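Notes for the structure review
In case you want the letters, here they are:
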Amino acid sequence: MVGPLLKGLKITFSHLFKPAFTVKYPYEKIEVAPRWRGKHVLRVDEEGREKCCYCGLCEAVCPANAIRIYGEEAPLEKSDVGKIAVIYEIDYRRCIFCGYCEEACPRGAIELTTFYELAEPEREKLLQTKETLLEKR
Amino acid sequence: MAVKEEQQFKELMAKGTSLGQVDEDIMRQNIRTQDLWVNMGPQHPSTHGVLRLILALQGERIVDTEIVIGYLHRGTEKLAEARTYHQIIPLTDRLDYLASPAMNFGYVLAVEKLAGIEVPERAEYIRVLMAELARISSHLLWLATHALDIGAMTVFLYCFREREMVLDLFEMATGGRLTTSYYRIGGVAHDLPEGFLDKVKEFCEIFPKRVQDYDDLLYSNRIWLSRTVNVAKISAEKGLALGLSGPSIRGSGVNWDLRRANPYSVYDKLDFEVAVFDGCDVYARYLVRRKEMLESCKIVKQCVEYLEKTEGPVMAKVPKVFKPPAGEVYFATEAPKGELGYYIVSDGSNKPYRLKIRTPSFANLIALPEMVKGQMVADVIAAIGSIDVVLGEVDR
Ligand code: SF4
Ligand code: SF4
């Protein structure tokens, strides 16, 4: 009867001398895999023009209806195909980070990054707009 | 003193009983007991989510159990009617969120059967690999919480450590840890990343040793045995009549595993044993899942062997606007918790007309009142743990 208990104690005791497995999170950041589906980013091309051409595929494919876009004609210095999304909103209260928008986009304009600290003190701040999504160069 | 008691008093005195004895006898005759109704849950930590049980107790014994569910209802089946076939995949992740690849797997197989899509073999192996890793991770979480409920804290910590390794693998291949959304109709989203298979191999090396550790802590531990052996028994006939499936019925000696009974995907090419034990109790169900983890590890190894040797596409040709022919289909797979079935009615449009999901935990939960009848209150916790419910799929 005591045998198995001692065996168990031996295991727990041996773990005392092994390195800790936990990460002290806010002080140590966790490295995530490159495929991680975190915060979105709207990519710009080499000349600083927005890649998004307002085709609307991402909005259509989103299973959570989290994306809202509205586009307009734009001069060539702003877009190489003459159209940009004036409004591009992703509602993080709805988004489920499935990555379908990235998969659907024909121009690689929307991508999910490895940034994962997305909590906000207020719900309103969870609405991502073009200002917060656009890639900074 | 009521008239009845007075009469009893006189009768007893006439028999020559002592006064103290008389008092006690009268009390005994007049005490009435009644069932005590106790709520367990929905916030009870050992109900694994938001399950509520109403227990009728006679002292410490359970005479009746009522199950109240629905606290996590999200209307998945209804939502699916307004989503395209592709968009439903992320919804299935959220059924059994502890083994989302297995949930995706059943769904995509059902749709592929409906539309008659041939999936490349490499994709099939990747899917099986992921589904078996999901089984390991699900069973690890089960063992962790089940042991914690019964009082073995240490196992909980160790199991979570290994589960973390599996989740890291998921993260590497799919980008998500819990809700992986990795499977697609006709294949998988991307091929495996570089270095993934080496990591899987590493895990397969370590894992059986870790199972040995859990065994040392539980397998013949006196406390574990007395909390699980002969507790919450259910016979094979009763279990089958109630629709038990998965490890819960294999713990009652029924050799029924859909991976063997109705081989889908590439399971017929893989070599593994179906874990069956006939103790009918919590301990037998523990043994089944324990062995299944090791068997899954074996399957994973075989998949890695195949995937290392071959290259090829991981996605069949599926049109962007996917419209399966009108008709209906039912496809059942062996999810970590039991038989997972998808019933799809298609009217030929890009959205299903109806999607019915037969989730294992929901069916298994029905057997709970039968298991705990006449048992002690503390055994309810062992029983809930032993059928491994996940409320995400019970409520859908
Ligand atoms: S990640 Fe998924 S839910 Fe989020 S915006 Fe993209 S498609 Fe929609
Ligand atoms: S982000 Fe991509 S998919 Fe969405 S509108 Fe722009 S170009 Fe189209």
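Note that this is a predicted model, so its numbers are computed, not measured.

1. Quick look at the confidence of the model for chain B
With 96% of its residues at a pLDDT of 70 or more, chain B has an overall mean of 85. Interface confidence in the predicted complex, given as ipTM, is 0.84; pTM for the same model is 0.84.

2. As for the site of ligand 2
Around ligand 2, the structure places 13 residues, and the nearest of them are Cys52(A), Cys55(A), Gly56(A), Cys58(A) and Cys105(A). When its residues are assigned to classes, the shell around ligand 2 shows twelve nonpolar, one polar and no charged.

3. Regarding the pairing of strand E3 (residues 61-68) of chain B
Residue and element names in this part refer to chain B. Bridge analysis of strand E2 (residues 52-58) against E3 gives seven bridges, and the strand direction is antiparallel. Bridge pairing links Leu 57 to Ile 62 in E3. The loop that links E2 with its antiparallel partner E3 comprises two residues; one of these, Gly 59, has a positive phi angle of about 65 degrees.

4. Some thoughts on the packing of helix H6 (residues 121-150) of chain B against helix H7 (residues 153-174) of chain B
Residues and elements named next belong to chain B. One way to put it is that H6 packs onto H7 with a least axis distance of 8 Å and a crossing angle of 155 degrees. Considering their axes alone, H6 and H7 lie roughly antiparallel with respect to each other. H6 and H7 meet at a crossing whose hand is left-handed. Contact residues: H6 offers Met 130, Leu 133, Ala 134, Ile 136, Ser 137, Leu 140, Leu 141, Leu 143, Ala 144, Thr 145, Ala 147 and Leu 148, while H7 offers Met 153, Val 155, Phe 156, Cys 159, Phe 160, Glu 162, Arg 163, Val 166, Leu 169, Phe 170, Ala 173 and Thr 174. Of the residues assigned to the contact of H6 with H7, the class counts are 19 nonpolar, three polar and two charged.

5. Thoughts on the interface of chain B and chain A
Contacts between chain B and chain A engage 33 residues on the former and 23 residues on the latter. Taken together, both faces of the contact between chain B and chain A bury some 2300 Å²; the carbon and sulfur share is 55%. Taken together, chain B and chain A are joined by one salt bridge. Of the charged contacts, one joins Glu103(A) and Arg184(B) as a salt bridge, the two residues approaching to 2.6 Å between their closest N and O atoms. There are 14 residue pairs in polar contact (both at pLDDT 80 or more) connecting chain B and chain A. Every element with two or more residues in the side of chain B that touches chain A is listed here: helix H4 (89-93), H7, helix H8 (196-218) and helix H9 (222-228) of chain B. A total of eight residues in the side of chain B that touches chain A trace back to one element, the largest contributor, which is H7(B). Of the residues contributing to the side of chain B that touches chain A, the split by class is ten nonpolar, twelve polar and eleven charged.

6. Examining the site of ligand 1
Taken together, the neighbourhood of ligand 1 is formed by His40(A), Cys62(A), Pro63(A), Ile67(A), Ile90(A), Cys95(A), Ile96(A), Phe97(A), Cys98(A), Gly99(A), Tyr100(A) and Cys101(A). Each residue belonging to the shell around ligand 1 can be placed in one class, and the counts come to ten nonpolar, two polar and no charged.

7. Details of the packing of helix H1 (residues 2-15) of chain A against H8(B)
The interhelical angle for the contact between H1(A) and H8(B), taken along N-to-C directions, is 135 degrees, at an axis separation of 7 Å. Classified by the angle their axes make, H1(A) and H8(B) are oblique. Packed against H1(A), whose contacting residues are Pro4(A), Lys7(A), Gly8(A), Ile11(A) and His15(A), the element H8(B) presents Asp213(B), Asp216(B) and Leu217(B) at the interface. For the contact of H1(A) with H8(B), the class distribution of residues is three nonpolar, two polar and three charged.

8. Topic: a nonpolar patch on the surface
A contiguous nonpolar surface patch, about 310 Å² in accessible area, is contributed by Val2(A), Leu6(A) and Leu9(A). A relative accessible area of 54% means that Leu9(A) is categorised as exposed.

9. With respect to the pattern of salt bridges
Where charged atoms from two side chains of opposite charge approach closely, those side chains can pair. All names here are of chain B. This model, assessed by the stated rule, comprises 34 salt bridges over all chains. Between Arg 250 and Asp 257 there is a salt bridge, with the nearest N and O atoms lying 3.8 Å from each other. Glu 273 is the partner of Lys 291 in a salt bridge, and the nearest nitrogen-oxygen pair spans 2.9 Å. Linking Lys 291 in helix H13 (residues 282-309) with Glu 273 in the loop between helix H12 (258-261) and H13, this pair joins segments that are 18 residues apart in sequence. Counted as one network, the salt bridges with shared partners bring together Glu 132, Arg 135, Arg 250, Asp 257, Arg 259, Glu 292 and Glu 334.

10. Regarding the pairing of strand E3 (residues 83-91) of chain A
When a strand is regular, its side chains alternate between the sheet's two faces. Residue and element names in this part refer to chain A. Judged from the seven bridges that link them, strand E2 (residues 67-73) and E3 form a sheet pairing that is antiparallel. When the sheet's bridge partners are listed, Ile 67 is paired in E3 with Ile 90. Bridge count between E3 and strand E5 (residues 127-128): two bridges; the pairing is antiparallel. Looking at the pairing, Ile 90 lines up with Gln 128 of E5.

11. Some points on the sheet that holds E5(A)
Sheet strands pair via backbone hydrogen bonds, and the direction of the pair is either parallel or antiparallel. Across the sheet, three strands lie side by side as E2-E3-E5 (chain A); this open sheet has antiparallel pairing. The open sheet has two free edges, formed respectively by E2 and E5 of chain A, since each of these has just one partner strand.

12. Overview of unusual backbone geometry
For Tyr54(A), which is not glycine, the phi dihedral falls at a positive 55 degrees. Tracing the chain through its elements places Tyr54(A) in the loop between strand E1 (40-42) and helix H2 (57-61).

13. A closer look at the sheet that holds strand E8 (residues 352-358) of chain B
All names here are of chain B. With respect to topology, three strands assemble into an open sheet ordered E6-E7-E8, the strand pairing being antiparallel. Looking at which strands have only one partner, the edges of the open sheet turn out to be strand E6 (327-335) and E8. The average undirected angle you get between the axes of adjacent strands in this sheet is 15 degrees. As paired strands, strand E7 (residues 338-346) and E8 are joined by six bridges and run antiparallel to one another. By the bridge assignment for E8, Tyr 343 is matched with Lys 356.

14. A word on the environment of Ala261(B)
Residue position: Ala261(B) is located in helix H12. Considered as a pair, Ala261(B) and Glu334(B) are 73 residues apart in the sequence and their alpha carbons are 9.9 Å apart.

15. Describing the side chain of Arg259(B)
Residue and element names in this part refer to chain B. Along the chain, Arg 259 turns up in helix H12. Given a relative accessible area of 2%, Arg 259 falls into the buried group. Only 3.2 Å separates the side chain of Arg 259 from the side chain of Glu 132, close enough to count as a polar contact. Leave out the neighbours within four places in its chain, and Arg 259 touches Glu 132, Arg 135, Tyr 264, Tyr 267, Phe 272, Glu 292, Ser 296, Ile 299 and Glu 334.

The rules behind each value
Residues numbered from 1 in each chain as written. Chains lettered and ligands numbered in written order. Predicted model: local features only at pLDDT ≥ 70, side-chain atom pairs only at ≥ 80, totals over all residues. Heavy atoms only, no water. pLDDT = per-residue confidence, 0-100. Near = heavy atom within 4 Å. Nonpolar A, V, L, I, M, F, W, Y, C, P; charged D, E, K, R; others polar. Pairing = 2+ DSSP bridges. Helix = DSSP H or I, 4+ residues; strand = E, 2+ residues; numbered from the N terminus. Axes fitted to C-alpha atoms, helices over the stretch in contact; angles between N-to-C directions. Parallel < 35°, antiparallel > 145°, perpendicular 65-115°, else oblique. Left-handed = near helix turned anticlockwise from the far one by under 90°. Contact = heavy atoms within 4.5 Å. Buried area = accessible area lost by both parts, 1.4 Å probe. Salt bridge = Lys/Arg side-chain N within 4 Å of Asp/Glu carboxyl O. Polar contact = N/O pair within 3.5 Å; in protein donor to acceptor, adjacent residues only side chain to side chain. Patch = residues over 30% accessible without salt bridge, like charges linked within 9 Å, V, L, I, M, F, W, Y side chains within 5 Å. Areas by Shrake-Rupley, 256 points an atom, 1.4 Å probe, with all protein chains shown as cover. Buried < 20%, exposed > 50% of the residue type's maximum accessible area, 1.4 Å probe, protein only.

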